[in-house]
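Analysis of the macromolecular model
The primary structure of each chain is shown beneath.
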Amino acid sequence: MQDNLTPLPMSVFSRPSETTQDQSSAASQATSTAPQPVKATVVTPPIKSKGLNTSNVRRMRRIIAEDAEWSLAIVPLLSELCIQHIVKNFQNNPILTQLLPEDQRKILDHLSPDLPLTVTANLIENENYWRRCCTQRWPVCHVARHGSSWKRMFFERHLENLLKQFIPGTTDPAVILDLLPLCRNYVRRIQVDQFLPPIRLPPPPREGDQSDSGSEGEMEESSTDHYQLRDLVAGLKHLEELDLVYGVKDCGMNFEWNLFLFTYRDCHSLAATIKACHTLKVFRLTRSRMDDDKARILMRSLLDHPALEELDLSHNLIGDRGVRTAAKLLSHSRLRVLNLANNQVRAPGAQSLAHALAHNTNLVSLNLRLNCIEDEGGQALAHALQTNKCLTTLHLGGNELSEPTATLLSQVLSVNTVLTSINLSCNHIGLDGGKQLLEGMSDNKTLLEFDLRLSDVAQESEYLISQALQANREAARQRALNPSHFMSPTTSGPENSAG
Amino acid sequence: MNPPGALGILEEKEDEHLSTPILGPSVHSDNPQERIQARRLRIAARLETRRREALGEYLDGKKESEEDQSKSYKQKEESRLKLAKLLLCGTELVTNIQVATDIREIQRRVEEEEIKRQRLEKLENEVKTSQDKFDEITAKWEEGKQKKIPQDLWDMLNTQQLHCAGLIEDKNKLISELQQELKMKDDQYVKDLKKQADDICLLLERMEEQVKNVMKTFRQELSHIEKAFEVERQELLTSNKKKWERALQAHNAKELEYLLNRIKKVEEYEKQLNKQRVWDCEEYNMIKIKLEQDVQILEQQLQQMKATYQLNQEKLEYNFQVLKKRDEESTVIKSQQKRKINRLHDILNNLRSRYTKQIKQFQEENQSLTSDYKRLVMQFKELQRAMRHFALIDDEKFREIWLMNEEEAKDLIGRAFDVDRIIHTHHLGLPWTAPDFWFLKNLGPISQQPKKSATEIVEEVLMQTEEEGSEETMLELESYLDLPKQVSAKTTRKILMLLCDESGFLIESKLLSLLLPLEKSECYLLRLDAIFSALGIESEDDLYKLVNFFLKYRAHHLPSSQERSSVMVAPESVEKLPTEAGKKEKLSEVEQEVPFSPRLIHPNDVLKALEAFVMGLNKPRDPRTPLKKQKDVRDDSKDSEYWKALTTVIPPAKENVWDALYTALEKYHLILTKRARLLLENDSLEQHNTELQMLLQQYLDSKINSELQVPPTQVFRVPTKESSALKG
């Protein structure tokens, strides 16, 4: 644990320092501390020897003869010199794959992270090099979020940065498209949490938010289209995840609604893009003020998508009509996770979702947090859960649910053997509802999490429920540890002692 | 010794590993039973460890917790529960903030909705009241227009102004209120932002605290667990050491025991070995001798075998050579055969091609020959036709020549008769009578009509009767027809038809089938032909006989008509004529009309009549040889007779008379000729004489004479005038 923690602060410190220092720190990370001094000695003599070579060979020999401290160990090897040269001229003449693995490693250890991507992108696979590149550019690097691949991380974050800074109409689209052939094999996820709108005012300041504040009132919807992802996504071969937010970050008091405008053209273009991208598994479009019509356009394009597994449309303005399309999408896709948190779903929408859910065999997780489905929707969902055999996670927090839903849910709890997590926080379940849920819990052996915070449930029943959950968790742990001998620990114990 | 947690567990396991084999039997023990046991145990232990690894640390602990190792397990379980609780609480603590914000948000939303509703209501009310006011004002404008007194108008305008001001004020108030609200909202927003920032700060704080707490507790728990493991390890070590010592002691004792046992056994074995050795030596010698003998025998055999081997080798070599040569020969022969085969193949192919060619050729030939044959048939037919034509022409010619010759002969005969008459009348002075011969009256060739076959007649009959109605030239044809006149063609035909119909059984069935497609007349003809051949009717006569027989038969069987019977007698008498006499006689016979009875013989009687006829026919037939029909050959026997007869018109007696006459006349002629010659001689002599006189005269008259001394005249007496005179 300590080993994992140490590189982060180091990289943080090394970031503002000079490149040489960074290189050394990177080298110290990459290799053990022992080879470092050796390499330092290797670096210095070539310059000397080079100067001597050019000036006078004889004099050099004479000097060597007189030098008492001279020994063969000081003279750098020819291979070392060659490697040095290759490193120096790597930008113009990249020689790597023809070399021995050992030499390759040496060269990679010495290459500068500032080399142009056109040279390095498809040539270098070495993780250490890309690690240096990443740590040089960003202070905080979560490699695990990028499939534990530094190279992938580098390209993904590089692309994300470009997309975030892209201003339609001002920035040259070639900036991104040029990168496409270099990163197409490595980028699996695009996570962009801001799209800058085009600038209306002639003098374009560097920061996007200031320009937006300046162009107050003159923005029209037609002109606020954002960057079209179509070409980029079509070019990326392995794209699996798309995480987009059509909005501007850090606007602070310069807030203006137009900054968060997800236009129809954006919507159509995005729909076509994700429809064409057959490798896409995860699609997230959050905090983009997407209303019913746009959501419907998007979800229609996702019907019968071959790979899509997760759809996250939380923090939008999707109402019942959009949810109805989502329900249709559920039965026409292989969706496993659906997140509609913080939208405007009401009872009819929840009912249509429940209808789709009743016979669905793919969906594992459903999130309807901060909607307003109320008892009607809650009851419909509970009815659906009685027949559903797939859903494991259900989040109904903050949905104005009350006792009737709780009674139905308690029935579900005693029947359903798939659900592992339910969240009913921030509802008005009431004391009686809590008791009924407790009754339902007494028959359930699979539920592991049941959130009833701030839902007017009696402390006693809440405690008892948590006890039941604890027992369930223990049982689940036993099962996980010993899937074959489910009840063996109790029986095998005495046997073992006897033997 | 203070290893980290993970290592502790490992060590514990190692301890287990170390401890288990010591307790049980050793693999290196001398006792095989014990070794087996040890191995079994080892395998069991391995299985156990593997299973434990699979089950994981927890089960491991749990299993062992039952007895000695309960301490570490308890510690682990305790700490695990503690940590889980801590984590749960921590996450709850952290997520509490989210939940709290959620519920705040919900409350805010509810409030917002309420406020919105109120605001909307208010606005609506406002709109209503202002509308009312506005309506009032507009109504007053109407009123104002009616006012005519300026004072009033002024007042009214003032009040209107006041009202309008009030309305605008209301609106302004509303607007300011709304703006106030907006400002409040802005403040609220800022507050919310602050609140959220605070929340986030709190969240961060809590998270950090949580992390710190968790880290701390984890460390604590780790140290606790480590300590527990340490203690347990110590305990285990001491207990295992004790065990080990005990086991060692037991082992030593056992080893000593084994040693003693072993010494004893060794001595025993030595004795046994000595014994065995002696026995073995003896046996060894025996076997050696025996084997040596065997070796000798075998060597002998070997020598023999070698000899035979040599022999065989030579033989085989010789055979090999022979075979080689044969092989060569065979290869030569093979190649030859191959060549031959190739050649034969070539020939075969050639022959095939030739064969096909010939087939073609023959086909062509065949075609050409068939065409030739057809052509020839055509030619032959044409020839036949020509021949028939020529035969006719020849007949004609013959007839013409005959007539010509006859005429000539008759002419000659006439001349001869004339000469004869002249001789008779002039020379002999006898009266002459013309001879009368039959052939003199003959005109044209002697044509003898041959007897026709029955079928031909039938054909003719049929043909005739068919053509009867249409043509009047029947008479002409009838001249060729040799029908007996007493039987008309019609009757014959009818009779024949009857016969044909009734006696179908005589015809062969094959023929009947063949006849079907033919014409009616032809059909009848062929049928009759068949019937006749069956009955034995061949010639014309037979046919007539038949016909007559039928007629007679009918006559016999029709006694009712007495008159007829008398008439019918005539044919009876006539009937014999054609059979016996020639044709000419037939023709000369008085023609007798045979009455045609409408009812001919009854069909039922035909067979009876036929039977009777056949019975009657057979008798006379027997001796007679069947006539061979010669159609084309003309009978020329009479011709020579005829012509000979023509030559003998003048009888030999007369000829003799003529001969005698001739000789007499010749003699007369001779005398006459002699006389004529003499007369001629006389004339010529006279003439000669005159000439000579003239010549003499001349001579005498010539001048030369005068000159001559002696004139001839003087010598001679000139008798010129006198001789001529004499002569004349």
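Our structure is the block above this text.
The rules behind these values
- Residues numbered from 1 in each chain as written.
- Chains lettered and ligands numbered in written order.
- Predicted model: local features only at pLDDT ≥ 70, side-chain atom pairs only at ≥ 80, totals over all residues.
- Heavy atoms only, no water.
- Helix = DSSP H or I, 4+ residues; strand = E, 2+ residues; numbered from the N terminus.
- Contact = heavy atoms within 4.5 Å.
- Areas by Shrake-Rupley, 256 points an atom, 1.4 Å probe, with all protein chains shown as cover.
- Buried < 20%, exposed > 50% of the residue type's maximum accessible area, 1.4 Å probe, protein only.
- Pairing = 2+ DSSP bridges.
- Right-handed = clockwise from strand over helix to strand, strands pointing away.
- Salt bridge = Lys/Arg side-chain N within 4 Å of Asp/Glu carboxyl O.

Structural notes on the overall build of chain B
Scanning chain B from N- to C-terminus turns up 19 helices and zero strands. Sequence separation of 24 or more characterises 76% of the internal contacts of chain B that already satisfy a separation of 6 or more. Carbon and sulfur atoms form 58% of the exposed surface of chain B, whose accessible area is close to 55,900 Å².

Concerning the pairing of strand β2 (residues 241-244) of chain A
Both faces of the sheet carry side chains from a regular strand, because those side chains alternate between them. Residues and elements named next belong to chain A. Neither face of β2 is left uncovered, since the one carrying Glu241 and Asp243 and the one carrying Leu242 and Leu244 both have all their residues buried. Where strand β1 (residues 189-192) lies against β2, four bridges are found, and the strand directions are parallel. By the bridge assignment, Ile190 is partnered in β2 with Leu242. In this structure, β2 lies alongside strand β3 (residues 282-285), joined through four bridges in parallel fashion. Bridging across to β3, Asp243 finds its partner in Arg284. As a crossover connection, the stretch from β2 through helix α14 (residues 264-276) into β3 is right-handed.

Examining the pattern of salt bridges
When charged atoms on two side chains of opposite charge get close, those side chains can pair. A full pass over the atoms with the stated rule returns 33 salt bridges over all chains. Linking A:Glu80 and A:Lys106 is a salt bridge whose minimum nitrogen-to-oxygen distance equals 3.1 Å. Of the two residues, A:Glu80 is situated in helix α6 (residues 78-88) and A:Lys106 in helix α7 (residues 101-110); the sequence distance between them amounts to 26 residues. A salt bridge links B:Glu114 to B:Arg117; its shortest N-O distance comes to 2.3 Å. Residue B:Glu114 and its partner B:Arg117 are located together in helix α4 (residues 70-146), separated by three residues, close to a single helical turn. You can call B:Glu114 partly exposed: its relative accessible area is 33%. Salt bridges sharing common partners tie together A:Arg189, A:Glu241, A:Asp243, A:Arg284, A:Glu310 and A:Asp312.

In short, the description is geometric, and any link to function would need to be established separately.
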